[in-house]
Amino acid sequence: MSTCPDIDVLREFEAGALSDERADVITPHVSGCQECGSLLERLRNDDLDSRVLRGALRDQSMQADPAASTIGLGTSAPDQSGRVWDIPDYERVRLCGSGAFGTVWAVRDRVGMHRALKTIDLSRLRAAQARCRESTALEAYCRRVQRHPNLIQIFHVGVQASVLYYTMELADDDATRTCVRDRLPETYRPLTLQRVIAKGPTSPDTAIEVVLRLLRGLARLHDMGLAHRDIKPANIVFVDRQPKLADIGMITSNTATPSQVGTPDYMPPDGRMDETGDVYAMGRVLYEMLVSGDRGTFPKLPGDFAGSSSNWNMARLGKVIEKACAPDGSDRYESADRMVEAVESCRELSYESLFSDLEPMSTAPARPQANPYVPVMVAAIHAAPWIIGALAVLVLVSKYL
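Residues numbered from 1 in each chain as written. Predicted model: local features only at pLDDT ≥ 70, side-chain atom pairs only at ≥ 80, totals over all residues. Heavy atoms only, no water.

1. A look at helix H11 (residues 336-344)
Phase 1 of the analysis: Those residues of H11 not exposed but buried are Ala 336, Met 339, Val 340, Ala 342 and Val 343. The arc enclosing the buried residues of H11, seen along the axis, measures out at 165 degrees, which places them on a common side. (Buried < 20%, exposed > 50% of the residue type's maximum accessible area, 1.4 Å probe, protein only. Helix = DSSP H or I, 4+ residues; strand = E, 2+ residues; numbered from the N terminus. Arc of directions from axis to C-beta.)

2. A word on empty space enclosed by the protein
Phase 1 of the analysis: In the structure shown here, the tally under the stated rule is 1 cavity of 30 Å³ or more.
Phase 2 of the analysis: Around the largest cavity, the lining residues are Arg 229, Asp 230, Ile 231, Thr 263, Tyr 266, Met 267, Met 273, Gly 277, Asp 278 and Ala 281.
Phase 3 of the analysis: Of the residues belonging to the lining of the largest cavity, the class tally is 5 nonpolar, 2 polar and 3 charged. (1 Å grid on protein atoms, 1.4 Å probe; cavity = no way out; pocket = protein on both sides within 12 Å on 5 of 7 lines; lining within 4 Å. Points joined across faces, edges and corners; volume = space filled by probe spheres on them. Nonpolar A, V, L, I, M, F, W, Y, C, P; charged D, E, K, R; others polar.)

3. Observations regarding the nonpolar core
Phase 1 of the analysis: Grouped together as the largest cluster of nonpolar side chains are 75 residues, with contacts concentrated most on Tyr 141, Ile 152, Leu 215, Leu 290 and Val 343.
Phase 2 of the analysis: Listed in part, the 8 residues of the second largest apolar core include Trp 85, Val 107, Leu 117 and Tyr 165. (Core = buried A, V, L, I, M, F, W, Y, C linked by side-chain atoms within 4.5 Å.)

4. Some remarks on the pairing of strand E3 (residues 114-121)
Phase 1 of the analysis: A large share of E3 lies buried, amounting to 8 of its 8 residues.
Phase 2 of the analysis: Across the two faces of E3 the burial is the same, with His 114, Ala 116, Lys 118 and Ile 120 and Arg 115, Leu 117, Thr 119 and Asp 121 all buried.
Phase 3 of the analysis: Where strand E2 (residues 102-108) lies against E3, 7 bridges are found, and the strand directions are antiparallel. Within E3, the position partnered with Thr 103 by the bridge is Thr 119.
Phase 4 of the analysis: Between E2 and E3, which pair antiparallel one after the other, the connecting turn spans 5 residues, and Gly 112 there sits at a positive phi close to 90 degrees. (Pairing = 2+ DSSP bridges.)

5. What to know about the environment of Lys 244
Phase 1 of the analysis: By the secondary structure assignment, Lys 244 is in strand E8 (residues 242-245).
Phase 2 of the analysis: As a C-alpha pair, Lys 244 and Leu 151 span 93 residues in sequence and 4.8 Å in three-dimensional space.
Phase 3 of the analysis: Lys 244 has contacts with His 148, Pro 149, Asn 150, Leu 151, Ile 152, Glu 169, Leu 214, Asn 235, Ile 236, Val 237 and Val 239, leaving out every residue within four places of it along the chain. (Contact = heavy atoms within 4.5 Å.)

6. Side note on the packing of aromatic side chains
Phase 1 of the analysis: Throughout the structure, instances matching the rule amount to 2 aromatic pairs.
Phase 2 of the analysis: Between the aromatic rings of Tyr 280 and Phe 298, the centroid separation amounts to 6.3 Å while the plane-to-plane angle is 80 degrees, which identifies the pairing as edge-to-face. Linking Tyr 280 in helix H9 (residues 275-291) with Phe 298 in the loop between H9 and helix H10 (314-324), this pair joins segments that are 18 residues apart in sequence.
Phase 3 of the analysis: The exposure class assigned to Phe 298 is buried, which follows from its relative accessible area of 19%.
Phase 4 of the analysis: Here the aromatic rings of Tyr 287 and Phe 298 are separated by 5.2 Å at their centres, their planes lie at 75 degrees, and the arrangement is edge-to-face. (Phe/Tyr/Trp six-rings, centres within 6.5 Å; stacked < 30°, edge-to-face > 60°.)

7. Brief notes about the pattern of salt bridges
Any two side chains of opposite charge can pair if their charged atoms end up close together.
Phase 1 of the analysis: Scanning the model with the defined rule gives 16 salt bridges in all.
Phase 2 of the analysis: The partner of Glu 344 in a salt bridge is Arg 347, with the nearest N and O atoms 2.8 Å apart.
Phase 3 of the analysis: Assessed through its relative accessible area of 26%, Glu 344 is described here as partly exposed. (Salt bridge = Lys/Arg side-chain N within 4 Å of Asp/Glu carboxyl O.)

8. Observations concerning unusual backbone geometry
Phase 1 of the analysis: The peptide bond linking Phe 298 to Pro 299 adopts the cis configuration, its omega dihedral lying at 5 degrees.
Phase 2 of the analysis: Tracing the backbone shows Pro 299 in the loop between H9 and H10.
Phase 3 of the analysis: Of note, Asp 240 is a non-glycine position whose phi angle comes to about 55 degrees, a positive value.
Phase 4 of the analysis: Mapping Asp 240 onto the fold places it in the loop between strand E7 (236-239) and E8.
Phase 5 of the analysis: Residue class for Asp 240 comes out partly exposed when judged on its relative accessible area of 45%.
Phase 6 of the analysis: The phi dihedral of Asp 247 is positive, around 50 degrees, even though this residue is not glycine.
Phase 7 of the analysis: By the secondary structure assignment, Asp 247 is in the loop between E8 and strand E9 (252-253).
Phase 8 of the analysis: We classify Asp 247 as partly exposed; its relative accessible area is 29%.

9. A few points about the sheet that holds strand E1 (residues 91-98)
Phase 1 of the analysis: Pairing is antiparallel in the open sheet, where 5 strands are placed in the order E1-E2-E3-E5-E4. If you trace the sheet from one side to the other, it starts and ends with E1 and strand E4 (154-160), each paired once. Each strand of the sheet is rotated relative to its neighbour by a mean of 25 degrees, with strand direction disregarded. (Axes fitted to C-alpha atoms, helices over the stretch in contact; angles between N-to-C directions.)

10. Here we look at the side chain of Ser 335
Phase 1 of the analysis: Along the chain, the position of Ser 335 falls in the loop between H10 and H11.
Phase 2 of the analysis: If sequence neighbours within four positions are ignored, Ser 335 has contacts with His 222, Glu 275 and Val 279.

11. Quick word on the packing of helix H8 (residues 204-223) against H11
Phase 1 of the analysis: The geometry of H8 relative to H11 is characterised by a closest axis approach of 8 Å and an angle of 155 degrees between their N-to-C directions. Taken together, the axes of H8 and H11 lie roughly antiparallel to each other. At the point where H8 passes H11, the crossing takes the left-handed sense. Mapping the contact onto sequence places Ile 208, Leu 212, Leu 215, Arg 216, Leu 218, Ala 219, His 222 and Asp 223 in H8 and Ala 336, Asp 337, Met 339, Val 340, Val 343 and Glu 344 in H11.
Phase 2 of the analysis: Residues that form the contact of H8 with H11 fall into these classes: 9 nonpolar, 1 polar and 4 charged. (Parallel < 35°, antiparallel > 145°, perpendicular 65-115°, else oblique. Left-handed = near helix turned anticlockwise from the far one by under 90°.)

Here is the structure:
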């Protein structure tokens, strides 16, 4: 890289918003360019919380031996990677999932509550010359996003030796569909939306309700200027039967810069991993819940869905999914709250129950109201000759008497 990147590019680099290809080009330049390195450090120091966490990560990583196979002085059995568990206050119970640089465990804290604990191996990241996107995402999520019923809650963030870890809500059990906060079943597996979809199509009413709740949680992120960037059924968990967006490792400040970060099947064709990219993923999730996977018609719903719900206009909902999953970001809904409004507009409202208790109105024309003086006048006219005759008799009698 011959020229220095401008400050906006460095901001995106620091936020983890650049594609891996662009980041790989900038990383060695920043390391060798004193001016860019100083500017990047100033950007990091703009926020006190960022400085504290990054300082802890840097100090702990410098102290750790990259070639070490254990984490400090732990005495519990090694995990699948050969490392010894040495995270204080949490007892490892069961492995829930693992990746190249991170592992998720079901753990028990000091008061006996079960949590999910994710570890990020900083020494592996350093050996692979990869950046720790998760630390940036944690900073943004914990500082800027208030608690929401459809967003996973983070309880604690810490650094131990060469491991960054954080605890969060533990998903319900897949087999029993119940909360496992107090007691973890022997065969525990986290209940994710991916497992729900694998069992077959979901009823339209349930699918739409689940997605509406997730969209409201996503709207909270978008309101804070953040994009999730990795929405997919495997990253949606149920906690106390409430759907929640989880796996926050890819969250970053909203940007329209194309990025190859995310899961390809849920990334829009234009590569925009911003708010519209999240909308695309949510449209895809709703489609898969309705049809239990891609039947080749994506994003159009099959024709037999037109009358499959009495509560929702499925034809109109199909148009909403098509717009949410449009190839061009400018044609998609601009944010989650706009998609919420669009989905809500598909609700079929019935007014029959509202008027069922009212008496039916008569369709006969109303009678004109009678004048009360008319009968009196008619009677007077009919009686007039008799009255006149009586008066004449009285006059004659009075004359001759």
